[in-house]
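# An overview of the molecular structure
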Amino acid sequence: MDEILGQVLRNAVWERLDLLTELANEADAPSLLSVARSELPRLTEGWRALLAAHEPDEKGNCPECSGRWRQQKSPCSVWRAAYEHLVAGGLAPRPARHLRSAPVTPPVTRSRRGMVMRAH
């Protein structure tokens, strides 16, 4: 039963993310503003809750990513992903033009709902 519930929860989350991506890419300005006002606070609270669970303990280990036999030093993959998506992905300064690598065409991927999409 736990496997079925887990799959239902995962599917619902992937579908919600797909919907938000679709709205961000396709919605008109008034609809997009409405969605942003309702969804951005929810998304930021979700990130905060996730990151709070991955705050390092007094030894500098992530309590969620550490196991009984192997400790995961902070920053764990969750904190690195948060930095990459929330800071480096949009707000971090870009390297000088001569230091940038050649642009890479994003791979074609299949969303959780089976739609073919190009990664951005």
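Keep in mind it's a predicted model, so treat the numbers as computed, not measured. (Residues numbered from 1 in each chain as written. Predicted model: local features only at pLDDT ≥ 70, side-chain atom pairs only at ≥ 80, totals over all residues. Heavy atoms only, no water.)

Before going further, it helps to examine the overall build of the protein chain. Broken down by element type, the protein chain carries three helices and two strands. Starting at the N terminus and ending at the C terminus, the protein chain contains elements arranged as α-α-α-β-β. Looking at the protein chain as a whole, 11% of its 120 residues are labelled buried. As displayed, the protein chain has an accessible area near 10,100 Å², and 59% of this comes from carbon and sulfur atoms. (Helix = DSSP H or I, 4+ residues; strand = E, 2+ residues; numbered from the N terminus. Buried < 20%, exposed > 50% of the residue type's maximum accessible area, 1.4 Å probe, protein only. Areas by Shrake-Rupley, 256 points an atom, 1.4 Å probe, with all protein chains shown as cover.)

Glancing now at the confidence of the model for the protein chain. On average, the protein chain scores 81 in pLDDT, and the residues at 70 or more come to 73%. Of all helices and strands in the protein chain, the one with the weakest mean pLDDT is strand 2 (residues 116–118) (47), whereas helix 2 (residues 29–53) scores best (94). Below pLDDT 50 for its whole length, residues 102–110 participates in 14 contacts with residues either more than four positions away or in separate chains. (pLDDT = per-residue confidence, 0-100. Contact = heavy atoms within 4.5 Å.)

Our next topic: the packing of helix 1 (residues 2–26) against helix 2. Between helix 1 and helix 2, whose axes approach to 11 Å, the crossing angle comes to 140°. Viewed along their axes, helix 1 and helix 2 form a crossing whose handedness is left-handed. On helix 2, the residues that touch Arg16, Leu20, Leu23 and Ala24 of helix 1 are Leu32, Val35, Glu39, Arg42 and Leu43. Tallied by class, the residues present in the contact of helix 1 with helix 2 amount to six nonpolar, no polar and three charged. (Axes fitted to C-alpha atoms, helices over the stretch in contact; angles between N-to-C directions. Left-handed = near helix turned anticlockwise from the far one by under 90°. Nonpolar A, V, L, I, M, F, W, Y, C, P; charged D, E, K, R; others polar.)

Let us look at the pattern of salt bridges. Where charged atoms from two side chains of opposite charge approach closely, those side chains can pair. Following the criterion strictly, the structure yields three salt bridges and no others. For Glu39, the salt bridge is made with Arg16, and the minimal N-O distance between the two is 2.5 Å. Of this pair, Glu39 sits in helix 2 while Arg16 is found in helix 1, placing the two residues 23 residues apart along the sequence. For Glu39, a relative accessible area of 10% corresponds to the buried category. If you follow the salt bridges from partner to partner, you end up with Arg16, Glu39 and Arg42 in one network. (Salt bridge = Lys/Arg side-chain N within 4 Å of Asp/Glu carboxyl O.)

Put simply, Ser74 and Pro75 share a cis peptide bond, and its omega is 5°. Residue position: Pro75 is located in the loop between helix 2 and helix 3 (77–88).

Moving on: the environment of Asp28. Note on placement: Asp28 falls in the loop between helix 1 and helix 2. At 2.6 Å, the side chain of Asp28 and the side chain of Ser31 are in polar contact. (Polar contact = N/O pair within 3.5 Å; in protein donor to acceptor, adjacent residues only side chain to side chain.)

Once that is clear, we can look at helix 1. Counting along an α-helix, one turn takes 3.6 residues, and residues three or four places apart therefore face a common direction. A rise of 1.5 Å per residue sets the reference length of helix 1, with its 25 residues, at 36 Å; its end C-alpha atoms lie 36 Å apart and thus fit the reference within 8%. Tucked into the core, helix 1 has its buried residues touching helix 2. (Expected span 1.5 Å × (residues − 1).)

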